[in-house]
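Structural overview for review
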Amino acid sequence: MSFNISESPRVRRSPFFDSTIEDGVVSFLPYNKMLLPTGYGDPRAEYERLIKGVAMWDVAAQRQIQISGPDACKLVQVLTPRKLDQMTPGVGWYTAICNHAGTIINDPVLLKHAEDKYWFSIADSDMLLWSRAIAHERGFNVTICEPDVSPLAIQGPYAEDVVAALLGEEIRSIRHFRFEYGELDTIPMIVARSGWSKQGGFELYLMNSAKGSELWQRVKQAGKPFDIGPGCPNPTERIESGLLSYGGDTDDETNPFEVRLERYIHLDVPDDVIGVQALRKIYADGVRRHQLGIFINSDKPLGYSNQYSQVIAGSEVLGKITAQSWSPRLKKNIGLCLVSIEAQPGDDVMIKLHNGYHLEAQLTVLPFL
Ligand code: THG
């Protein structure tokens, strides 16, 4: 099977698109109406590079929603049930965005630039639409836009060395989830210590899309001594590390408590914060489901299926597997699942693949590594 994606302004290209094509990208996913590269043809090599070396990822599809103006601070707090009063300029915080029912509708990194200027670095759902509607309904004096900002992630044990070679030794002192404004000759960017892996790394937020190819080449050049190569948000490493994939691990009823985000939820935020009243009730009543890890018994790597497998015990359906992979480090088939609260780590279960085939499995705690 081979097909093309139709040309359309609704399928936006990243400023790094041409470079990723040159470097051999073979697959994309639609993400925030943009093409997100998902592979360069050798998944194992891309995984190894992330774990032992350094990789560069076109993650421009992590779009920024900028909220600025006199009421920016108020709106941002209304949009997330994480207490933001201690937040200082120059930091990024992981946040959950919930709707009025307490269901997660995005899990962005929130970057604070100033008291009156923030960016939500969003996962795959329309926060431009949502935040504009809420701002208007609540009568806030803000301006909301999607600025010309495109993140490029550099991830892996040598990421810091690459970014230091590119931008100078000072970057080594940037702490986790902090960011600084920088410039590489005439390429404007923000440098943050962050990224969707647990291997360490940085994200360069390019602030001029005309300079995408130039930045890509410069990173590639700086990374040469460290054998840098192209990669993507890695489906295997993120399962091993227990990073959440909104829209993959979550469904239309998932609340933050079910998927281990309670650390980022403060039930004592003001009542006008969207979702907090529902979240208080959910918390008081107790959740019905939770996210656990699962080991799937099979002596060889299982193929990937984009259909959720059921987790069952006898005739009872406990829940579903939302992501799975062969783990090269654990030498096991592992997965993330969303299962009934009665199902607990250590339980032996069965999984029912979409083709009807059954396999033995065991539930476990997260993260795997
Ligand atoms: N970086 C940036 N924007 C993003 C992502 C990113 N937008 C989309 C998506 N990823 C948002 N989702 C996440 C999910 C997890 C994390 C970051 C963004 C993450 N979590 C760590 C954890 O759960 O252990 C650490 C959280 C913390 O330290 O507070 O990093 O990757 N720019």
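Quick note: structure is the one above.
This section reports on the structure supplied with the text. (Residues numbered from 1 in each chain as written. Predicted model: local features only at pLDDT ≥ 70, side-chain atom pairs only at ≥ 80, totals over all residues. Heavy atoms only, no water.)

Examining the packing of aromatic side chains
- Scanning the entire structure with this criterion turns up eight aromatic pairs.
- Taking 5.7 Å as the distance between ring centres and 25° as the angle between the ring planes, the aromatic pair formed by phenylalanine 17 and phenylalanine 28 counts as stacked. Note that phenylalanine 17 is positioned in helix α1 (residues 17-22) and phenylalanine 28 in strand β1 (residues 27-31), a separation of 11 residues in sequence.
- Here phenylalanine 28 falls in the partly exposed class, since its relative accessible area comes to 24%.
- Centre to centre, the rings of phenylalanine 179 and tyrosine 181 are 5.8 Å apart; their planes meet at 85°, and the pair counts as edge-to-face.
- Residue phenylalanine 179 is classed as buried on the basis of its relative accessible area, which comes to 6%.
- Judged by its relative accessible area of 53%, tyrosine 181 is exposed.
- Stacked on the ring of tyrosine 308, the Lys or Arg lysine 320 has its end atom at 5.2 Å from the ring centre.
- Sitting over the ring of phenylalanine 295, lysine 332 keeps its end group 4.4 Å from the ring centre. (Phe/Tyr/Trp six-rings, centres within 6.5 Å; stacked < 30°, edge-to-face > 60°. Helix = DSSP H or I, 4+ residues; strand = E, 2+ residues; numbered from the N terminus. Buried < 20%, exposed > 50% of the residue type's maximum accessible area, 1.4 Å probe, protein only. Lys NZ or Arg CZ within 6 Å of the ring centre and 35° of its normal.)

Brief notes about the environment of threonine 236
- Note that threonine 236 resides in helix α7 (residues 235-241).
- Assessed through its relative accessible area of 13%, threonine 236 is described here as buried.

Observations regarding the site of the ligand
- Neighbouring the ligand are 17 residues; Asp107, Ser121, Lys198, Glu203 and Tyr205 lie closest to it.
- In the model, an oxygen atom of the ligand is placed 2.6 Å from a nitrogen or oxygen of the lysine 198 side chain.
- Here the ligand, which alone exposes 640 Å², has 89% of that area covered by the protein.
- Classifying every residue of the shell around the ligand by side-chain character gives 10 nonpolar, four polar and three charged. (Near = heavy atom within 4 Å. Polar contact = N/O pair within 3.5 Å; in protein donor to acceptor, adjacent residues only side chain to side chain. Areas by Shrake-Rupley, 256 points an atom, 1.4 Å probe, with all protein chains shown as cover. Nonpolar A, V, L, I, M, F, W, Y, C, P; charged D, E, K, R; others polar.)

Quick word on helix α4 (residues 127-138)
- Under the 1.5 Å per step criterion, the end-to-end length of α4 is 16 Å for 12 residues, consistent within 8% with the ideal 16 Å.
- Buried within α4 we find Met127, Leu128, Ser131, Ile134 and Ala135. Burial along α4 is one-sided: seen end-on, the buried residues are contained in an arc of 140°. In α4, the exposed positions that point more than 90 degrees away from the buried face belong to Leu129, His136 and Glu137.
- Where α4 begins, one side-chain oxygen reaches toward the backbone nitrogen of leucine 128, 3.2 Å away; that side chain belongs to aspartate 126. (Expected span 1.5 Å × (residues − 1). Arc of directions from axis to C-beta.)

Some points on the nonpolar core
- Membership of the largest hydrophobic core comes to 40 residues, with the highest contact counts inside it found for Ile67, Leu75, Leu79, Phe120, Val142, Ile144 and Leu261.
- Secondary-structure elements contributing two or more residues to this core are β4 (64-68), α3 (72-79), β5 (92-94), β6 (97-98), β7 (104-106), β9 (117-121), α4 and α8 (276-285).
- When residues of this core are assigned to their parent elements, the largest contribution, five residues, is made by α3.
- In this view, phenylalanine 120 contacts Arg63, Gln64, Ile65, Ile67, Val76, Leu79, Thr95, Ile97, Pro108, Val109, Leu110 and Met127; residues no more than four positions away in its chain are not counted. (Core = buried A, V, L, I, M, F, W, Y, C linked by side-chain atoms within 4.5 Å. Contact = heavy atoms within 4.5 Å.)

A look at the sheet that holds strand β8 (residues 109-114)
- Taking strand neighbours across the sheet as the criterion, the five strands line up as β5-β8-β9-β4-β10 in an open arrangement whose pairing is antiparallel. Every other strand in the sheet has two partners, leaving β5 and β10 (143-145) as the edge strands with one partner each. Within this sheet the neighbouring strands show an average axis-to-axis angle of 20°, counted without direction.
- As defined by bridge partners, β8 adjoins β9 across five bridges and the pair is classed as antiparallel. Bridged to alanine 114 within β9 is lysine 117.
- Helix-sheet contacts for α4 involve β4, β9 and β10, and the interaxial angle to β10 is about 170°. (Pairing = 2+ DSSP bridges. Axes fitted to C-alpha atoms, helices over the stretch in contact; angles between N-to-C directions.)

Observations concerning the sheet that holds strand β19 (residues 332-340)
- Ordered by their spatial adjacency, six strands build a closed barrel running β16-β19-β18-β17-β20-β21, and the pairing between neighbours is antiparallel. Here the strands of the sheet are splayed against their neighbours by 40° on average, with no regard to which way each runs.
- One ladder, built from eight bridges, connects strand β18 (residues 316-327) with β19; its direction is antiparallel. In the strand pairing of β19, alanine 323 is matched with leucine 336.

Concerning unusual backbone geometry
- The linkage connecting leucine 366 with the following residue, proline 367, adopts the cis geometry, with an omega of -5°.
- Relative to the helices and strands, proline 367 is located in the segment after β21 (358-364).
- Look at asparagine 32: it is not a glycine, yet its phi comes out positive at around 50°.
- Within the element layout of this structure, asparagine 32 appears in the loop between β1 and β2 (34-39).
- The residue lysine 331 is not glycine, and still its phi comes out positive at about 55°.
- Assignment of secondary structure puts lysine 331 in the loop between β18 and β19.

Considering the side chain of aspartate 58
- If you trace the backbone, aspartate 58 turns up in strand β3 (residues 55-58).
- At 7.4 Å, arginine 63 is the nearest oppositely charged side chain to aspartate 58, a buried residue that forms no salt bridge.
- A distance of 3.1 Å separates a polar atom in the side chain of aspartate 58 from the backbone nitrogen of alanine 60. (Lys, Arg positive; Asp, Glu negative; His and termini not counted. Salt bridge = Lys/Arg side-chain N within 4 Å of Asp/Glu carboxyl O.)

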